[in-house]
Amino acid sequence: MTQVTIREAVMQDIPQLKTLMLAYIVDFYQYRQPEDEKLNGLIHQLLEQKEGIQFVAETEEGTLVGFATLYFTFSTLRASKIAIMNDLFVIEAERGQGAAAKLFAACKGYAARNGYANLTWTTAKDNFRAQAFYDKMGGDRSDWQTYSANPTSGMGD
């Protein structure tokens, strides 16, 4: 079993982090590869830790094998700030060995230490492996249904 350390992403992680993010986006979720400039911009924005933060799982040899991304927002119902775990990804070869649990714990710990009222996340309806993992981690299934829409121009009229 590979031992991993969880830490906040730093500038030196960008090449490996980008590779992991592309594996997550393109290979795992089969989305279109984002423009290089946009992905670089997102990573740099997260490194600033104003709107979000990324954690990485690193082996003793210095190889990144996973990452988790938190975005910061607010909840009107809670009248407080909340953290959204938008991503939690570990490469296939390292799954089931504890890296995901450590990344999840880092996200929960960060939210607790920084006064967030809640940590929330969404996973695909057919990602049963992730659902089992989140159930095991003590996640509560929500009664809320998630929707999305592409933005359109206009002022609502």
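Above this text sits the structure in question.
Cut-offs and rules
Residues numbered from 1 in each chain as written. Predicted model: local features only at pLDDT ≥ 70, side-chain atom pairs only at ≥ 80, totals over all residues. Heavy atoms only, no water. Helix = DSSP H or I, 4+ residues; strand = E, 2+ residues; numbered from the N terminus. Rg over C-alpha atoms; globule rule 2.2 N^0.38 Å. Buried < 20%, exposed > 50% of the residue type's maximum accessible area, 1.4 Å probe, protein only. Areas by Shrake-Rupley, 256 points an atom, 1.4 Å probe, with all protein chains shown as cover. Expected span 1.5 Å × (residues − 1). Salt bridge = Lys/Arg side-chain N within 4 Å of Asp/Glu carboxyl O. Core = buried A, V, L, I, M, F, W, Y, C linked by side-chain atoms within 4.5 Å. Contact = heavy atoms within 4.5 Å.

Caption draft 1: Examining the overall build of the chain more closely. The number of helices and strands found in the chain is four helices and five strands. When its helices and strands are written in sequence order, the chain yields β-α-α-β-β-β-α-β-α. Radius of gyration (C-alpha) of the chain: 16 Å, near the 15 Å computed for a compact globule of 157 residues. Put simply, the chain has 157 residues, and 34% of those count as buried. For the chain, the exposed surface amounts to about 10,400 Å²; the carbon and sulfur share of it is 51%.

Caption draft 2: Just helix 1 (residues 14-28), in detail. For helix 1, spanning 15 residues, the distance from its first C-alpha to its last is 20 Å, which sits close to the expected 21 Å at 1.5 Å a residue. Residues of helix 1 that are buried: I14, L17, K18, L20, M21, Y24 and I25. Just past helix 1, the residue Q30 takes up positive phi, approximately 55°.

Caption draft 3: Region of interest: the pattern of salt bridges. On inspection of all chains with the given rule, the structure shows four salt bridges. A salt bridge links K18 to D36; the nearest nitrogen and oxygen atoms lie 2.4 Å apart. Of the two residues, K18 sits in helix 1 while D36 sits in helix 2 (residues 36-48), which places them 18 residues apart along the sequence. Owing to a relative accessible area of 47%, D36 belongs among the partly exposed residues under this scheme. One salt-bridge network, held together by shared partners, links R7, D13 and E58.

Caption draft 4: Inspection of the nonpolar core at higher detail. In terms of nonpolar packing, the biggest core is built from 24 residues, with F55, L70, M85 and L88 touching the most fellow members. When residues of this core are traced back to their parent elements, those giving at least two are strand 2 (52-59), strand 3 (64-75), strand 4 (80-90), helix 3 (99-113) and helix 4 (128-136). In this view, L70 contacts L46, E51, G52, I53, F55, A83, I84, M85, C107, Y110 and L119; residues no more than four positions away in its chain are not counted. Counting 13 residues, the second-largest nonpolar core is a separate cluster that includes I43, V56, L64 and F67.

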